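Analysis of the macromolecular model
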Amino acid sequence: MHHHPPLLILSFSALAVATAAGRAVISNEGFHGLSQILYEYASSAANTGSGFEGLADNTLFWNITTGLAMFFGRYLSIVIQLAIVGSLMKKNYVGESAGTLKTSTISFAVILVFVVYIFAALTFFPALALGPIAEHLTLWG
């Protein structure tokens, strides 16, 4: 699974919403328009190339910003991961002590997964609440 940096997706989405060039191609105003924008940049950062139908995104602004999202989504995360690995390789080995956090236990794995999911949910929740979630709730109203 490839990590899609939330900073990329949310920053480019904010830029698109904040600029006339970004808003000019939205075919559906309101919640659906934001859903289109979020999906466009999420799929660009994931390097899948899919898009939300109805977004007339074949413009200079959208081609450049989605291209940048693709580039940074693919290569920035790889460079950061390699830098972390290089940093870890330089560290000295320290023996186990009473203060050592055991990372080979089930409880550590469960807590780690829980924290990662909570962090991801809190990162995207405001944008999702204004876009896809709000759009879904209006379908029932």
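Quick note: structure is the one above.
Now for a look at the structure at hand. (Residues numbered from 1 in each chain as written. Predicted model: local features only at pLDDT ≥ 70, side-chain atom pairs only at ≥ 80, totals over all residues. Heavy atoms only, no water.)

**Overview of the packing of aromatic side chains**
- Under the definition given, this model contains 5 aromatic pairs.
- For the pair Phe-12 and Tyr-41, a centre-to-centre distance of 5.5 Å together with 15° between the ring planes defines the contact as stacked. Placement of Phe-12 in helix H1 (residues 6–18) and of Tyr-41 in helix H3 (residues 31–45) is noted, with a sequence separation of 29 residues between them.
- Taking the centre distance of 5.4 Å and the plane angle of 50° together, the rings of Phe-71 and Tyr-75 count as tilted. Here Tyr-75 and Phe-71 lie together in helix H4 (residues 60–90), a separation of 4 residues that amounts to about one turn.
- By relative accessible area, which is 46% here, Phe-71 ends up partly exposed. (Phe/Tyr/Trp six-rings, centres within 6.5 Å; stacked < 30°, edge-to-face > 60°. Helix = DSSP H or I, 4+ residues; strand = E, 2+ residues; numbered from the N terminus. Buried < 20%, exposed > 50% of the residue type's maximum accessible area, 1.4 Å probe, protein only.)

**Points about H4**
- Taking 1.5 Å of rise per residue, the 31 residues of H4 would be expected to cover 45 Å, and the 44 Å separating its terminal C-alpha atoms lies within 8% of that figure.
- Regarding H4, the residues found buried are Phe-61, Trp-62, Thr-65, Thr-66, Ala-69, Gly-73 and Ser-77.
- Contacts from the buried residues of H4 go to H1, helix H2 (20–23) and H3. (Expected span 1.5 Å × (residues − 1). Contact = heavy atoms within 4.5 Å.)

**Describing the packing of H3 against helix H6 (residues 132–140)**
- Between H3 and H6, the least distance of the axes is 8 Å, while the angle of their chain directions is 145°. Our pair here, H3 against H6, has a crossing hand that is left-handed. Mapping the contact onto sequence places Phe-31, His-32, Ser-35 and Leu-38 in H3 and Pro-132, Ala-134, Glu-135 and Thr-138 in H6. (Axes fitted to C-alpha atoms, helices over the stretch in contact; angles between N-to-C directions. Left-handed = near helix turned anticlockwise from the far one by under 90°.)

**Looking at the side chain of Ser-77**
- For Ser-77, the position within the fold is in helix H4.
- Ser-77 sits in the buried class, given a relative accessible area of 6%.

**Some remarks on helix H5 (residues 106–130)**
- Between its terminal C-alpha atoms H5 stretches 36 Å, which fits the 36 Å expected from 25 residues at 1.5 Å a residue.
- Phe-124 marks the point of greatest bend in H5, at about 45°, and the proline Pro-126 comes within the next four residues. (Bend = angle between axes of the 7 residues up to and from the residue.)

**Observations concerning the packing of H1 against H3**
- As a packed pair, H1 and H3 sit with axes 9 Å apart at the nearest point and diverge in direction by 140°. On the basis of the axis angle, H1 is oblique to H3. Of the two possible hands of crossing, H1 and H3 adopt the one that is right-handed. On H3, the residues touching Ile-9, Leu-10, Phe-12, Ser-13, Ala-16 and Val-17 of H1 are Leu-34, Ile-37, Leu-38, Tyr-41, Ala-42 and Ala-45.
- Residues of the contact of H1 with H3, tallied by class, amount to 11 nonpolar, 1 polar and no charged. (Parallel < 35°, antiparallel > 145°, perpendicular 65-115°, else oblique. Nonpolar A, V, L, I, M, F, W, Y, C, P; charged D, E, K, R; others polar.)

**Things to note about a nonpolar patch on the surface**
- Residues Leu-60, Ile-64, Leu-68, Phe-71, Phe-72, Tyr-75, Leu-76, Ile-78, Ile-80, Leu-82, Ile-84 and Leu-88 make up a contiguous nonpolar surface patch of about 1,200 Å² in total accessible area.
- Checked against the element boundaries, Ile-84 lands in helix H4.
- Looking at Ile-84, the relative accessible area reads 47%, which means it is partly exposed. (Patch = residues over 30% accessible without salt bridge, like charges linked within 9 Å, V, L, I, M, F, W, Y side chains within 5 Å. Areas by Shrake-Rupley, 256 points an atom, 1.4 Å probe, with all protein chains shown as cover. Salt bridge = Lys/Arg side-chain N within 4 Å of Asp/Glu carboxyl O.)

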